[in-house]
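Geometric and topological summary
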Amino acid sequence: LFLLAPSAAEARKVALIIGNGDYANTSRLVNPANDIRIIAASAKQAGFDDVTIAADLAVNDFQKAMRDFRAKADGAEVAMVYYAGHGIEAQGKNWLIPTDAQLKSDLDRMMEAVSGAQVRMVILDSCRNNPFGRTWKSGTRAVVNGLAGVEADDVLVIYAAGPGQTAADGTGANSPFATSLAK
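Residues numbered from 1 in each chain as written. Predicted model: local features only at pLDDT ≥ 70, side-chain atom pairs only at ≥ 80, totals over all residues. Heavy atoms only, no water.

**Description of helix α1 (residues 31-45)**
In this model α1 runs 21 Å from its N-terminal to its C-terminal C-alpha over 15 residues, within 8% of the 21 Å that 1.5 Å per residue would give. Looking only at α1, the buried set comprises Asn 31, Pro 32, Asn 34, Asp 35, Ile 36, Ile 39, Ala 40, Ser 42 and Ala 43. Following α1 by one or two positions, Gly 47 has its phi on the positive side, about 100°. (Helix = DSSP H or I, 4+ residues; strand = E, 2+ residues; numbered from the N terminus. Expected span 1.5 Å × (residues − 1). Buried < 20%, exposed > 50% of the residue type's maximum accessible area, 1.4 Å probe, protein only.)

**Some thoughts on the nonpolar core**
Core analysis: the largest hydrophobic core is formed by 30 residues, its most contacted members being Ile 18, Phe 62, Met 66, Phe 69, Tyr 83 and Met 110. Within the residue set of this core, elements represented by two or more residues are β1 (13-19), α2 (59-73), β3 (78-90), β4 (93-96), α3 (107-113), β6 (119-127) and β8 (155-159). In terms of residue count, α2 provides more of this core than any other element does, five residues in total. Apart from the residues within four sequence positions on either side, Met 66 is in contact with Leu 16, Ile 18, Val 81, Arg 109, Met 110 and Ala 113. Membership of the second largest hydrophobic core comes to 20 residues, among which are Ala 15, Val 51, Ile 123 and Ala 167. (Core = buried A, V, L, I, M, F, W, Y, C linked by side-chain atoms within 4.5 Å. Contact = heavy atoms within 4.5 Å.)

**Considerations on the confidence of the model for the chain**
For the chain, mean pLDDT is 80; residues scoring 70 or higher make up 74% of the total. This stretch, residues 1-5, has a pLDDT under 50; its non-local contacts, to residues over four places away or in other chains, come to zero contacts. Taken as a whole, residues 136-143 scores under 50 in pLDDT and shows 16 contacts with residues more than four places along the chain or in a different chain. (pLDDT = per-residue confidence, 0-100.)

**Points about the packing of aromatic side chains**
Tallying each qualifying case throughout the model produces one aromatic pair. A centroid spacing of 6.0 Å and a plane angle of 70° characterise the contact between Phe 62 and Tyr 83, whose relative ring orientation is edge-to-face. In this pair, Phe 62 sits in helix α2 while Tyr 83 sits in strand β3, placing the two residues 21 residues apart along the sequence. Judged by relative accessible area, Tyr 83 falls into the buried class, the value being 0%. (Phe/Tyr/Trp six-rings, centres within 6.5 Å; stacked < 30°, edge-to-face > 60°.)

**Structural notes on unusual backbone geometry**
Negative phi is the rule for most residues except glycine; trans is the rule for most peptide bonds. Positioned with a positive phi, Asp 56 is a non-glycine residue whose angle comes to about 50°. Tracing the backbone shows Asp 56 in the loop between β2 (50-55) and α2. The exposure class assigned to Asp 56 is partly exposed, which follows from its relative accessible area of 36%.

The following block contains the structure:
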């Protein structure tokens, strides 16, 4: 039985908590800065050993955070990524918007970041309307409200709203979703 028990390295629970709110080219979001604090505190209280908080990530920083977290998640018992910020569906893919709005950080990178863990969770508190509105050229992207549903084997994907729906920011310091999730 001792040989079958997970080692100390495998028993780790790691979390990456990302909050993007200070956007250069679209509307600023107030809640992500508050949401990442309560989600990080809740993760620590739930027994996560390593909780990394990242705020206002431009595309290169977002990609680096995903690479660094993938290394931490490799061999972990549980790996969780929480993202609060702008996110949209375009042409059937979900896009998580970095603060410099280059649209290069999609959900596939998050799925890859948690791939080495035994239990994988991706939580998206980003099901909002298209933050760029009509500033994109017609026909450049087919953009709808909310995020598309995703099918992933052995990954728990949690959305703040159902596929194609938008989530409310709420009127308080935190989004209603982050408040409920933290509890």
